[in-house]
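Remarks on the overall topology
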Amino acid sequence: MTLTPRSFFEYILSILLMLGLESLWAQTPDTLVARDLMNKTQKRFEQKQYKELIVSGEKAIKIYEDLLGPEHLKTAHAYKLVGMGHSFAGKMDKAIDLLKKSLNIFTKSANASDNQEVIADIYTNLAFSEWFAGKFDHLGTYYLKAVEIYKTLYGEDGLKVGDQYYNLGIYKKTVGLNNEALKYYQKAADIYARSADPFHPRLAAIYNNLGNIYSRFNDWDNQLLYYNKCLEITLKNRGEDHYETGIIYNNMGTVWRKKGNYDKARYYFRKVVNMSDGGDLRQITSKAGALDNIGHSYQFSKQYDSALYYHQRAYKWYREIYDENHPELAQSFRYQGNAYTDTKQYDLAKSAYDKAIKIHRQRSGSKQRLLSGLYYDYAAYLMATKQYDSAFYYNNYVYQLSLGQDSAQKINYDSVQSPMLLLQALNQKGRLHESLYEIDDNTDNLDKALNAYNVAIDYTDFLRANFHENDSRLILSQQSYDTYENSINLFLTLFDLYKDDEYLHRVFSLIEKSKSINLLTSLNKTKIQQYAGVPSELLEKEQLLVSEIGFNENLLLKETSKKNDKNTDKINEYRHHIIESKEAYYQLLENYKLNYPAYFSIKFSTNHITSAEVQSLLDSDQGLLNYFFGQQHIYIAVVTHDDVSVKILGREAIDDKIEQLRQGITRRDLKAFGIHAHALYQDLLAPAMDETIHNKKSLIIIPDGNLGAVPFDILLSEDPESTDYKDLKYVLKDFNIRYLHAATLLERNPGLKRTSKSDELLAFAPVFGKGSLITTTRNGQQLGQIPFAQEEIENIKKVIDATTFSGAAATESQLKSLISKGRYNMLHFATHAVVDNESPNFTRLLFADEKDSIHDGRLHAYELYNMKIDANLVTLSACNTGIGTFYKGEGTMSLARAFAYAGCPSIVMSLWPAQDKSTSNLMQKFYTNINAGQHTDEALRNAKLAFLADADKFTANPYYWAGFVVLGNNQPVVHKTSLWGIATALLVFFLFAYLVLKFGVNGNTKL
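Everything in this summary refers to the structure shown in the same document.

What counts as what
- Residues numbered from 1 in each chain as written.
- Predicted model: local features only at pLDDT ≥ 70, side-chain atom pairs only at ≥ 80, totals over all residues.
- Heavy atoms only, no water.
- Helix = DSSP H or I, 4+ residues; strand = E, 2+ residues; numbered from the N terminus.
- Buried < 20%, exposed > 50% of the residue type's maximum accessible area, 1.4 Å probe, protein only.
- Contact = heavy atoms within 4.5 Å.
- Pairing = 2+ DSSP bridges.
- Axes fitted to C-alpha atoms, helices over the stretch in contact; angles between N-to-C directions.
- Parallel < 35°, antiparallel > 145°, perpendicular 65-115°, else oblique.
- Left-handed = near helix turned anticlockwise from the far one by under 90°.
- Nonpolar A, V, L, I, M, F, W, Y, C, P; charged D, E, K, R; others polar.
- Salt bridge = Lys/Arg side-chain N within 4 Å of Asp/Glu carboxyl O.
- Expected span 1.5 Å × (residues − 1).

A look at the overall build of the protein
In terms of helices and strands, the protein carries 40 helices and 16 strands. Within the protein, the fraction of its 1007 residues that count as buried is 55%. Counting only contacts in the protein whose residues sit at least 6 apart along the sequence, the fraction spanning at least 24 positions is 69%.

Below, the structure written as structure tokens:
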């Protein structure tokens, strides 16, 4: 073999390298240039100058490849560093190629055992790059290989081991394996916790991802708790403008959007958009995501032009950092398609959806959650454009993705990947079959629609039983409303076809399922207090944990509600305690579910009363009207002892008529009042006033929507002609009326609590110091004194046995001390009430000032939720105690509802600001009737009729007497023994005495 000068040089160089004399080569001019380039490349990586890094790094690679060859370790190091640069610059395909080259060299090297740390680092960076490329097939393998290497190097508790467990948690969450994700997050958290650093950055990441997992259960409160804890750590470690802070703000905004608070959601999203630009790919991604989120929030509030504007801005940002086939661009196209569909711009919608689908189809590892969401939206577009066959195809795809199984298999509810998406897909499937029925009149489509809705409702019941947070169940109910309405319409269609009354009974059940889920679950505690089989220490632990959670939540609410001087340390401490207590509580619930399933089932039971059971509980002179407010119609299930029927009413302008009625009352405008009181009678009651209802004495109203703000007894059955309020044809003159949160409460609480308490009433009428903080509302309004409050309770004391506290003695601490003893049959509050629509838990009754660090003179709704009140009747003689924020599926968040949570079966509440002098008069008449043993609704009706009979032309206005209504049980709370009763008892006694005297008391004597 002839050696050329060049080959001779390479031959000598190879010998030198084999002899370990590489240092001689290292001093050549080219290698010095390469070394200098690599130093610059490393520095630029640390300075996040990725474009410059790539330029210098690729020059170094060229020199190394030429001089050392592509398999040398120095070349491998260059591949690794430049690959990471491409990754952070958004060039994922190039990054993956270089990182794989580097990995291949290191793993095959004779010195592989000496480079284990480098190899693990490459696996991690390779996984990161494939993640951002939308390729998920090998992520788990890469992370597990890194775990094994780091365990060898640092032991089981090494922080880098924790890092990889954290990454595995993210991966498992992304592919929908939430239980496995929780397992890896917990392993990581344990490692970080043992590091003794409460502000370890990875703890923040774990809190963030735990919050993400709670979204699967609609558990918004716990999500916010974890996100706030994450934010605390991240701000300390990273600062306000770091991309990780942006991720948290985006997540918090998303929670508020799902809770329906779009303004608060956009507040957090804009914090991300307004961050200082650090040039980091991940920060730019967060900003683009925030723009998409802002657009999404505008779409939910039906501001479509604004939605499109922000989605298009987000797309431009994404396009600057990603190639045209990246999944984030698909998501942006999807959102644009939704906005175009909602505005019926179907050609533009199709173009946007086609682009999104094309990207996902080119990415075999596209995120399942994003893909299924896209297909659901595309199916909705296809349905809107009447392309039903294609719509079914994509709907079925969503169904399979959300289940994680073939649609032909029986559903395993525990393994559902996307619960909310499954409910949406089932509802969509039902609507598709109904649409086909409208075309072909094939009743098979009605059967298939019914099956889809039934599965959706069954799964909703399953979720309710497994959601332990009130907010979770509440939002689930709101999201299920469309399914209930669609099912109701379908059952009525089936009734029209087959005239089978069973369909009407099913409609009643659906309406009832939509009512007061949290209240009914809360009242279950009365059913299980004496439940056998659960060890007492577990029940005591449960009660202790619930108390700890409630106590710290109350402290957190108070501290976070302060406008000034919020104590951040206290806020973080309270959140920490809540998280700890909730985690222990959830573990206890899992124990119940596994080892005491009967107790668990009763505790979270969502069983509702049937219409047949209602019929059995109603007297022949009673009628029940259960309302449901749908998107297009109002439905009334009308139930009597002998009959069940369903009425469909128009929805148009009902809310406006209610508002006009209330304004007519408060403005003392007889004409406006008369017009709308009769119009609402025609809309809401007249359709039910057939032969089954018009001859009844009592009506039970279960309202929905804004109907809870209407006292039905002031509706006018005839068009008003008189100019005198006293002569109008009020419903009051024909019926006793009371309200229920749900018909199920007829069964849950048919009678009142029979205890050893007397018939005594406990009454409070505080006075307030001038400028008192207690009477200052959120907007700075100062509430005045109530001149006739003390007179009110003194007049009541004249007609019923009562213990009263007035003036400075009427304190919150006094109330809590006395009711804890359970001595009083009735409670009466003549005071101010403050309704807080922004934060319903802060709605409150006011008491006298007292120097007490615990009792602040405000009895909040959130306090009542954790109290037990044994009184049979509570009268809230204050302004708007039956008014508050309305939530679908739960009702009005009022003070009256809070007292119902505390266990009060019968409540008298007000629907507008009470006029104190007329209220004093009305209450005296009411308690006179109560003391006579009248039913509660009867006593209030008779008091109103008596007031109206005595009123002059001015005070006959319903404003002065109609604002109070009865909520709940109507049984007499005072039992008077009549003279006939006494005479009968004496007769029985004397007859018994006569028989004893005549025949003796010998046990063998037979009568």
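Re unusual backbone geometry
Positive phi values are uncommon outside glycine, yet Lys302 reaches one of about 60°. Locating Lys302 in the fold gives a position in the loop between α15 (281-300) and α16 (304-321). By relative accessible area, Lys302 is classed as exposed at 61%.

Quick notes on the pairing of strand β15 (residues 906-910)
Across the five residues of β15, five count as buried, placing the element largely inside the fold. Judged by which residues are buried, β15 turns out to be covered on both faces: Ser906, Val908 and Ser910 on one side and Ile907 and Met909 on the other are all buried. Bridging between strand β12 (residues 873-877) and β15 involves three bridges; their strand directions are parallel. For Thr875, the partnering residue across the bridge sits in β15 and is Val908.

What to know about the packing of helix α34 (residues 789-799) against helix α38 (residues 916-931)
Their axes nearest at 9 Å, the elements α34 and α38 cross at an angle of 20°. One finds that α34 runs roughly parallel with respect to α38. When you trace α34 past α38, the crossing you get is right-handed. Taking contact as the criterion, the partners of Glu791, Glu792, Asn795, Ile796 and Val799 in α34 are, on α38, Asp916, Thr919, Ser920, Met923, Gln924, Tyr927, Thr928 and Asn931. In terms of residue class, the contact of α34 with α38 is made up of four nonpolar, six polar and three charged.

With respect to the sheet that holds strand β11 (residues 858-860)
The strand order β9-β10-β11 describes an open sheet built from three strands, whose pairing is antiparallel. The open sheet has two edge strands with one neighbour each: β9 (833-834) and β11. Pairing geometry for β9 and strand β10 (residues 844-846), over two bridges, is antiparallel. Its bridge partner being in β10, Ala833 is matched across the sheet by Leu845.

Notes on the pattern of salt bridges
One pass over the structure, following the stated rule, counts 20 salt bridges. One salt bridge connects Lys100 with Glu130, and the closest N-O pair in it is separated by 3.8 Å. Separated by 30 residues along the polypeptide, Lys100 in helix α6 (residues 92-108) and Glu130 in helix α7 (residues 116-132) bring together distant segments of the chain. Residues Lys229 and Glu232 are paired through a salt bridge, measuring 3.5 Å at the closest nitrogen-oxygen approach. Taken as a pair, Lys229 and Glu232 lie in helix α12 (residues 220-237) at a separation of three residues, close to a single helical turn. Since its relative accessible area comes to 13%, Lys229 is described here as buried.

Notes on helix α5 (residues 73-88)
An ideal rise of 1.5 Å per residue puts 22 Å on 16 residues; α5 measures up with 23 Å between its terminal C-alpha atoms. Burial within α5 is extensive, with 13 of its 16 residues counted as buried. Looking one or two residues past α5, Gly90 carries a phi angle of roughly 90°, positive in sign.

Description of the environment of Gln632
Turning to its location among the elements, Gln632 is positioned in the loop between β1 (622-629) and β2 (633-640). Residue Gln632 is classed as exposed on the basis of its relative accessible area of 56%. Between the C-alpha atom of Gln632 and that of Arg651, which follows or precedes it by 19 residues, the distance is 5.7 Å. Filtering out sequence-adjacent residues up to four positions away, Gln632 remains in contact with Glu485 and Arg651.

So yeah, pure geometry; function would need other evidence.
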